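Summary of the model geometry
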Amino acid sequence: MAFHLSSSPLHFPPHPFHYKPRSSKPSLSLQNQPILQPPKTPSPNPPKPPKSYVWVNPRSPRASQLRRHSFDARYASLVKLANSLNSSNPSKDQVFEVLGKLGNTPIEQDAVILINALQSPVAAVFALEFFQCRLKLNREAILYNVVLKVFRKSRDYLGVEEVFDEMLKRGVKPDNVTFSTVISCARACSLPEKAVEWFERMPEFGCSPDNVTYSAMIDAYGRAGNVDMALRLYDRARAERWRVDVITFSTLIKIYGSSGNFDGALNVYEEMKALGVKPNLVIYNRLLDTMGRAKRPWQAKNIYREMRSNGFEPSWATYAALLRAYSRARYGADAISVYREMKEKGMELDVILYNTVLAMCADIGFVDEAFEIFEDLKSSGTCKPDSWTFSSLITIYSCSGRVSKAEDMLNEMMEAGFEPNIFVLTSIIQCYGKANRTDDVVRTFYRLRELGITPDDRFYGCLLNVMTQTPKEELGKLIECIEKARPKLGHVVKLLVGEGQANEALREEVDELFSSISTDVRKPYCNCLIDLCVNLNLLESACELLDAGLRHEIYTDIQSKSPTQWSLHLKSLSLGAALTALHIWMNDLSRAVENREELPPLLGINTGHGKHKYSDKGLAGVFESHLRELNAPFHEAPDRVGWFLTTKVAAKSWLESRKSPELVAA
C-alpha cells in the first residue's frame, strides 16, 4: 500500500504495514569503491540560537498569563495532546478531532513537537496528514523524519519503508537525518543487510554520511557478514577518532572472535576502555564467550572478576558462557562450581548446557558429578536427555568399568527413542574390552553393521585398545573383525601376532598403514600396536613400530641432549611405547659408554605427572616401580614433578653392570 497524504484520505490498516518489495534501484556499492568521505557542508541540523530570557516577577498579576503563553507551557500542552493519542489505537477521525484543538493556524514547530512525542505509528501518519492539509510546510522533510522516528520507536521497519516511499512520491527529498533514522531502525530490528542497503543508497540522493552514521555501519557491515568492510571502517574510525558506540564494539569483538583472532577481540576491548566507553553486560558476556572458544579459561576468569568489580551481576548468558569456557578447557572444578551456583540461583539450564558439562565430566572422569547432573536434568521438568546425554553417561560407565550400568543406560537410551550411534557403540566395546568379554565385543561389532553404521578410525582405535587387554588365545576373534572392515590394519595386526618378529614385510605394511590413515589417529594406532607387541613380549616388533612412528613424525622430540643433561621425554606415549622408548634409550646410552663418549653431568626421564582420568595410576607411578625392578639409579626429583634423575657417575656404573637388559611387559 502507499500513503496518499495530499488530497485523498489516508486509509490506515488496523495492523502493521504489510511489506511490499521495492523495485531494485541503482545503488553505489562500497565493495569495490573507496569509502565515502564525510561531508564538508554544515550539519543539516544547525544549532539553535540561544533563548532570550526575561525575568518576570512571580507576584505580578500578569505572571500567570505570561506563563500560559510561554514556550514551555506550549510544549507541555502539545506533549499532553500527543499523550492522549498514545493511549489507544486511534482512527483518522479521532486524530483529526484531537488535533483540531490546536485551532486553524498551527505552526510548523507545533507539528514537529507533537509528532515527535507520539508513540503510535498509526497516530503519527494521521497527524502528518492533518498538518499537511493545514500548513504550508517549508521543510516537509523534517516532519517525515519525526514520523520515521516514531516508527523506529516501535521497531516497525516495514512501516519505515512505506513512509520513505510516500516521501519520494510527494517529491520530498530525504536528507542525512532521514537515512540515519532508517539505518538505525534497520539495526534495531536486527536487519543489518537492510542497513547496508540504505547506507549504500545515500549517494543516490546526494547525501553523505557523517561520522555517527559511519560508526553505526561498522556494526551493520559486521552483522551482515561483510567483515572486511566493517574492519576497514573501524580502522578509519580509530584514525579519525570517530565516536563508536558500545553496540558497535560488541559487534567488533564478535567479528574477531568468530574469525579466530582472539587477541584482536581483546585489543578491541582495551581500545574501547581507553576511549572512555564503558563496557556493559553484553560486552562482558561476548568476551567470556570468545575466551571460551579460544580455550583461555584464565582470561575468562579475569574478565569475570573485572565484570563483578564494576558492579555487574551475572546473567544467565554470563553463567552459560563461563560454563562453556570452563568445560571446553576441562577446568572441571570451576565448571562444577558455576553449575552449582546457577542451580542455587534457580537458573534453568537447557539440554545443550547440560550436555556440555556432562561431556566434560566424561572426558576428565568426574563420575559422581556426572550422575548428579544427569539426575538434575531428568528432574528439571524443562529438559529431556537426548542422544548426546546418553552417550556421555555410557562413556562414563564404560571407562569406569561398570558394564551392567552401561548396558542399562544403553537400554534406557533406546527406550527413549534414540538409536545408538558410532560413539555409543565405541564406548560399549571399550567397556566390554575392560571386562574381558571378547564375545560381547564381537557381537557389538556385528551389531554396528546391522544398524548400517560405518566404523570410523576412532572405532578401530578402540578395537586395537581392546586387543591390548585381551588374552592371546582370543585375539583371533578380534583380528577377524578388523580384517573384514579394515583389511590393511587387520593384515598388520596379523603379521605382528602371527609371525612375532620384525621383518621387511612388516616394515612395508606398517609404512603403508600410517600413510593411509588420518594424522589425528596415527599416534593412538601406533601406541596400541606397540602395547600389543609389549604384552606379547615381541620386543623387536615393538622397536620396529616405534622407529616407524619416528619416521612418520608420529613421535617427535623423544630424546634431547644438552651439554648438561640428556633426557628421555615420555609424556605423550602409552605405557608400552614408553617402555619401548626406555629400552632403546638405555641401549643408546650403553653404546655411548662402550664408545667412550662423554656423558653429561645429569640424565633424566620425564614421564609427566598426570594420572589417568579413570584411575589413580599414571606413567610416573608405573615407571617408579619399573626402574626399581631394573635396579636403575634413577630417582624421582623432589623439585621437578614427573622427572626421574641420575648423575653421570651412577648411570655409567649401572650401564657397565648391565649384561642382558630385558624389557618388562606392561
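Residues numbered from 1 in each chain as written. Predicted model: local features only at pLDDT ≥ 70, side-chain atom pairs only at ≥ 80, totals over all residues. Heavy atoms only, no water.

1. Let's talk about the packing of helix 12 (residues 246-258) against helix 13 (residues 262-274)
Where helix 12 meets helix 13, the axes come as close as 7 Å, and the angle between the chain directions of the two elements is 165°. When the interaxial angle is binned, helix 12 and helix 13 end up roughly antiparallel. Classified by chirality, the crossing of helix 13 by helix 12 is right-handed. Each of Val246, Phe249, Leu252, Ile253, Tyr256 and Gly257 in helix 12 lies in contact with helix 13, whose residues at this interface are Phe262, Gly264, Ala265, Val268, Tyr269 and Met272. For the contact of helix 12 with helix 13, the class distribution of residues is 10 nonpolar, 2 polar and no charged. (Axes fitted to C-alpha atoms, helices over the stretch in contact; angles between N-to-C directions. Helix = DSSP H or I, 4+ residues; strand = E, 2+ residues; numbered from the N terminus. Parallel < 35°, antiparallel > 145°, perpendicular 65-115°, else oblique. Left-handed = near helix turned anticlockwise from the far one by under 90°. Contact = heavy atoms within 4.5 Å. Nonpolar A, V, L, I, M, F, W, Y, C, P; charged D, E, K, R; others polar.)

2. Some points on the packing of helix 12 against helix 14 (residues 281-293)
Between helix 12 and helix 14, the least distance of the axes is 10 Å, while the angle of their chain directions is 5°. With respect to their mutual orientation, helix 12 and helix 14 come out roughly parallel. Contacts between helix 12 and helix 14 pair Val246, Phe249, Ser250, Thr251, Ile253, Lys254, Gly257 and Ser258 from the former with Val282, Ile283, Arg286, Leu287, Thr290 and Arg293 from the latter. Residue composition of the contact of helix 12 with helix 14, grouped by class: 6 nonpolar, 5 polar and 3 charged.

3. Points about the pattern of salt bridges
Throughout the structure, instances matching the rule amount to 37 salt bridges. Here Glu480 ties to Lys484 by a salt bridge, and the two come within 3.7 Å at their closest N and O atoms. Highlighted residues: Glu480 and Lys484, both in helix 25 (residues 475-485), separated by 4 residues, approximately one helical turn. With a relative accessible area of 41%, Glu480 lands in the partly exposed category. Among the salt bridges present, the one from Asp511 reaches Arg551, with a minimum N-O distance of 2.7 Å. Here Asp511, found in helix 27 (residues 504-516), pairs with Arg551, found in helix 29 (residues 539-551); they are 40 residues apart in sequence, far enough to count as distant. Since its relative accessible area comes to 22%, Asp511 is described here as partly exposed. Under the relative-accessibility criterion, Arg551 is labelled partly exposed at 38%. (Salt bridge = Lys/Arg side-chain N within 4 Å of Asp/Glu carboxyl O. Buried < 20%, exposed > 50% of the residue type's maximum accessible area, 1.4 Å probe, protein only.)

4. What about the sheet that holds strand 3 (residues 602-606)?
Strand order in the open sheet formed by 5 strands is 1-2-3-5-4, with mixed pairing between adjacent strands. Looking along the sheet, the strands with just one partner apiece sit at the ends: strand 1 (559-561) and strand 4 (635-636). Across 2 bridges, strand 4 lies against strand 5 (residues 643-647) in antiparallel orientation. Across the sheet, Glu636 pairs through a bridge with Phe644, a residue of strand 5. With respect to the sheet, helix 31 (residues 619-629) is in contact with strand 3, strand 4 and strand 5, its orientation differing from that of strand 5 by roughly 30°. (Pairing = 2+ DSSP bridges.)

5. A look at helix 21 (residues 403-415)
Helix length check: helix 21, at 13 residues, gives a terminal C-alpha distance of 18 Å against a target of 18 Å (1.5 Å per residue), a fit within 8%. Restricting attention to buried positions, one finds in helix 21 the residues Val403, Ala406, Met409, Leu410 and Met413. Buried positions in helix 21, seen along its axis, are confined to an arc of 130° and lie on one side of it. Those residues of helix 21 hidden inside the fold are in contact with helix 19 (367-379), helix 20 (387-399), helix 22 (422-434) and helix 23 (438-450). Of the residues one or two after helix 21, Gly417 is the one with positive phi, at around 95°. (Expected span 1.5 Å × (residues − 1). Arc of directions from axis to C-beta.)

6. Concerning the packing of aromatic side chains
By the definition in use, this model includes 20 aromatic pairs. Ring geometry for Phe199 against Tyr221: centres 6.1 Å apart, planes inclined by 85°, an arrangement best described as edge-to-face. Of this pair, Phe199 sits in helix 9 (residues 192-201) while Tyr221 sits in helix 10 (residues 211-223), and the two are 22 residues apart along the sequence. Between Tyr339 and Tyr354, the aromatic rings sit 6.3 Å apart at their centres with planes inclined by 65°, giving edge-to-face as the arrangement. (Phe/Tyr/Trp six-rings, centres within 6.5 Å; stacked < 30°, edge-to-face > 60°.)

7. Concerning the side chain of Thr356
Relative to the helices and strands, Thr356 is located in helix 18 (residues 351-364). Excluding residues that lie within four positions of it along the chain, Thr356 makes contacts with Arg324, Ser327 and Trp388.

8. A short note on the pairing of strand 2 (residues 565-569)
With 4 of 5 residues buried, strand 2 is to be regarded as a mostly interior element. Taken together, the 3 bridges between strand 1 and strand 2 define a ladder with antiparallel strand orientation. Along strand 2, the bridge assignment pairs Ser560 with Ser567. Inspection of the sheet shows strand 2 paired to strand 3 by 5 bridges, in the parallel sense. What sits directly across from Ser567, in strand 3, is Gly604. The β-α-β motif built from strand 2, the intervening helix 30 (residues 575-594) and the parallel element strand 3 has right-handed crossover chirality. (Right-handed = clockwise from strand over helix to strand, strands pointing away.)

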